[in-house]
Amino acid sequence: MAIPEQAKFVVIGAGVHGLSTAWRLAERLTDTGEPVDGRIIVIDKSGIASGASGIACGVIRNNYFQPAMRELMAHSVGIWESDPEIFSYHPVGYMQISCEAMRSDAEQIFAQQHAIGYESVFVEGGNASMTYMRGLFDDWQAQGITSVLHEKRGGYANNTKSIYGLAKKAEDLGVRILTGVEVVGFKTEHGSNAVSAVETDKGSIACEHVVVGAGPWVRDFWNMLDLPKQIDLKDLNGALHRNVPMWRFWQLEEGLLQVSPETLLTNDGKMPPVIHVDTDAPLLSDVDGSLITEEMWGIYYKPDWHFNGIQGGAAPYKVDTPVDEVAIDPYGPSSPEFVAGSDFAHMWVSALAHCHKRFKGMMPQYHREPSGGIGCFTPDSFPVFDHFNGNTTIIADSNHGFKMLGVGRLVADEIMGEGQELLKPFRFDRFSKGELHPTSRSPFPWS
Ligand SMILES: Cc1cc2nc3c(=O)[nH]c(=O)nc-3n(C[C@H](O)[C@H](O)[C@H](O)COP(=O)(O)OP(=O)(O)OC[C@H]3O[C@@H](n4cnc5c(N)ncnc54)[C@H](O)[C@@H]3O)c2cc1C
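Residues numbered from 1 in each chain as written. Predicted model: local features only at pLDDT ≥ 70, side-chain atom pairs only at ≥ 80, totals over all residues.

Along a regular strand, successive side chains alternate from one face of the sheet to the other. Most of strand β21 (residues 373–377) is tucked away: five of the five residues are buried. Here β21 shows no split at all, with G373, G375 and F377 on one side and I374 and C376 on the other all buried. The pairing of strand β15 (residues 248–257) with β21 spans five bridges and is antiparallel. Considered in β21, the bridge of Q251 is made with I374. (Buried ≥ 20, exposed ≤ 12 C-beta atoms within 10 Å, placed from the backbone. Helix = DSSP H or I, 4+ residues; strand = E, 2+ residues; numbered from the N terminus. Pairing = 2+ DSSP bridges.)

Put into structure tokens, the structure is as follows:
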């Protein structure tokens, strides 16, 4: 099939961000009476949902220590709620269950959620936390938990189904999605660094504006656009760090316990909230009783009828390979290098058994197929949503952005000339200005 020679907007990547941006751009053109047909093109070298969006656990939460992240997540949760059916969204809520070291962080999050009208319940103290958790699961047994933040909104969505739903919304408005077309470079003209055409392996497409929603492949587009591989960064104490790598990769560890999802229903037979536990209680092996760790550890999990089991993950680990040498393809479970291993399985299933008696002795049920995938993170592990080179917008969510369904909408409105307050804390120049987001005590880089 011949590819078009020109378009108004070329969006790279048919994941959550590319498609949600295209959807909103189409709405905006429609509103102004401009025809959409053929003027908004989404290009993907593989297919719809073939990147991180198609393997995400799908957790949607507000629980972030950073005020700007919370406000942005509240906006995105609203978009998930706008059409739960097409987004395959399950509004079961979300629980952050923490040890004493994280109690004050959680308390602060609760207070600020209250201030922005995001409904949640905060339970404090060891006994009260145990009682609250046993009210949901009578076999709850995690020791050393002193707070529970229960978000009533949020939950999870079924990764590929959500992204196909999003693609349908965009296509219904006339967006054209070209799959199997790989972007290989950009053309510029007349000494300007603005992109005049997107070069693909099937030909060039002249365009007015480019949107890059390339997930873990953002590193490659950053390089194609000649943006700096290393940056100067001012930290929260005002200290300047020179030549900090712009990107680094982490491996996300996720897996599946192949038991009936009903195994994790609540005492009254309902779907539970997504559960996230962070604790410094010693973690013992459920296989042989040996000590796995005495350091802070964290897991998350949910019953999932799409994965068909109890699905979840643990804190990711840093990929040591120099950033330009990391092989992103083949991606996700197809990678020969970056998949969750047996250490993860041992830790995660033992941690499930640490929390619930019902998971004791279930190591043999761990699904030993490859899972997980890598993500490309910014220097502070929070997103960069910004415009570069005059007509190129980059959506780099630092790999925790499946939940950020509303970002494409905000980005599209900015492209149409309406600056968005919610996006401002995520500009690239925050690194040089020292306007970083505050950091929490969580063992996860994205919390
Ligand atoms: C194992 C795992 C679990 C996760 N769980 C969660 C979660 O529970 N909640 C959450 O909020 N986030 C989660 N994330 C993060 C989330 O999945 C990503 O942040 C998000 O999906 C990124 O979306 P995207 O649209 O930017 O990129 P992607 O979904 O990766 O899409 C990028 C697309 O760009 C295409 N592409 C790349 N290069 C080219 C090229 N040269 N030419 C054309 N097309 C190209 C790719 O084929 C791909 O389809 C998880 C990530 C992983 C890896």
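All right, on to the site of the ligand then. As a matter of local geometry, the ligand sits amid 39 residues, with G13, G15, G51, S53 and G215 nearest to it. Contributions of two or more residues to the shell around the ligand are made by α1 (16–31), β2 (40–44), β15 and β21. Its residues assigned to classes, the shell around the ligand comprises 16 nonpolar, 17 polar and six charged. Two domains each put at least three residues into the shell around the ligand: domain 1 (1–90 + 155–229 + 380–447) and domain 2 (94–152 + 248–377). (Near = placed C-beta within 6 Å. Nonpolar A, V, L, I, M, F, W, Y, C, P; charged D, E, K, R; others polar. Domains from an automatic or database assignment.)

Contact geometry for α1 and helix α6 (residues 159–172): axes closest at 8 Å, N-to-C directions at 25°. Taken as axis vectors, α1 and α6 run roughly parallel relative to one another. By crossing handedness, the relation of α1 to α6 is classed as left-handed. Packed against α1, whose contacting residues are V16, L19, S20, A22, W23 and A26, the element α6 presents I163, L166, A167, K169 and A170 at the interface. Class assignment for the residues of the contact of α1 with α6 results in nine nonpolar, one polar and one charged. (Axes fitted to C-alpha atoms, helices over the stretch in contact; angles between N-to-C directions. Parallel < 35°, antiparallel > 145°, perpendicular 65-115°, else oblique. Left-handed = near helix turned anticlockwise from the far one by under 90°. Contact = placed C-beta atoms within 7 Å.)

Let us look at the sheet that holds strand β3 (residues 59–60). The sheet built from three strands is open, its strands ordered β3-β8-β4 with antiparallel pairing. Each having just a single partner strand, β3 and β4 (89–90) make up the two edges of the open sheet. Relative to strand β8 (residues 155–157), β4 runs antiparallel, the two sharing two bridges. Note on β8: the bridge partner recorded for H90 is Y156.

Turning to α6, a few remarks are in order. Here α6 is 14 residues long and its end C-alpha atoms lie 20 Å apart, about the 20 Å a rise of 1.5 Å per residue gives. After α6 finishes, the residue G174 shows a positive phi value of roughly 105°. (Expected span 1.5 Å × (residues − 1).)

Attention shifts here to the domain arrangement of the chain. By domain assignment, the chain separates into domain 1 (1–90 + 155–229 + 380–447) and domain 2 (94–152 + 248–377). In this complex, domain 1 contributes 31 residues to the contact, which on the side of domain 2 involves 39 residues. When residues of the side of domain 1 that touches domain 2 are traced back to their parent elements, those giving at least two are α2 (67–82), β8 and α7 (218–224). Tallying contributions element by element places α2 first for the side of domain 1 that touches domain 2, with four residues. A class-by-class count of the residues in the side of domain 1 that touches domain 2 yields 14 nonpolar, eleven polar and six charged.

With that settled, consider the environment of W222. Among the secondary structure elements, W222 is positioned in helix α7. Overall, W222 belongs to the buried group, with 21 C-beta atoms counted inside 10 Å. Along the backbone, W222 and W247 are 25 residues apart, and their C-alpha atoms lie at a distance of 9.5 Å. Not counting chain neighbours up to four residues away, the residues in contact with W222 comprise L227, M246 and W247.

Among the residues of helix α5 (residues 126–136), those classed as buried are S129, Y132 and M133. Burial along α5 is one-sided: seen end-on, the buried residues are contained in an arc of 95°. (Arc of directions from axis to C-beta.)

Within the element layout of this structure, T32 appears in the loop between α1 and β2. Spatially, the C-alpha atoms of T32 and T393 are 22 Å apart, while their sequence positions differ by 361 residues.

Further remarks concern the sheet that holds strand β6 (residues 120–124). Pairing is mixed across the open sheet formed by eight strands, whose spatial order is β6-β7-β5-β16-β19-β20-β15-β21. If you trace the sheet from one side to the other, it starts and ends with β6 and β21, each paired once. For this sheet, the mean inter-axis angle between neighbouring strands, taken without regard to orientation, is 20°. The sheet strands contacting helix α4 (residues 103–115) are β5 (94–99), β6 and β7 (145–151), and the helix crosses β7 at an angle near 25°. Its contacts with the sheet put helix α8 (residues 342–355) on β15, β16 (274–279), β19 (297–304) and β20 (309–318), and the angle it makes with β15 is roughly 55°.

With 128 residues, the main nonpolar core has V10, L19, A22 and I40 as its most contacted residues. The biggest single contributor to this core is α8, with eight residues. Counting residues domain by domain, this core receives three or more from each of domain 1 (1–90 + 155–229 + 380–447) and domain 2 (94–152 + 248–377). (Core = buried A, V, L, I, M, F, W, Y, C linked by C-beta atoms within 7 Å.)

With that settled, consider the pairing of β19. Counting buried residues in β19 gives eight out of eight residues, a clear majority hidden from the surface. Where burial is concerned, the two faces of β19 agree: the one with W297, I299, Y301 and P303 and the one with G298, Y300, K302 and D304 are both buried. Judged from the five bridges that link them, β16 and β19 form a sheet pairing that is antiparallel. Each residue of the ladder has a partner; that of D278, found in β19, is G298. Direction of pairing for β19 relative to β20: antiparallel, over a ladder of six bridges. Looking at β20, one finds that I299 is bridged to A314.

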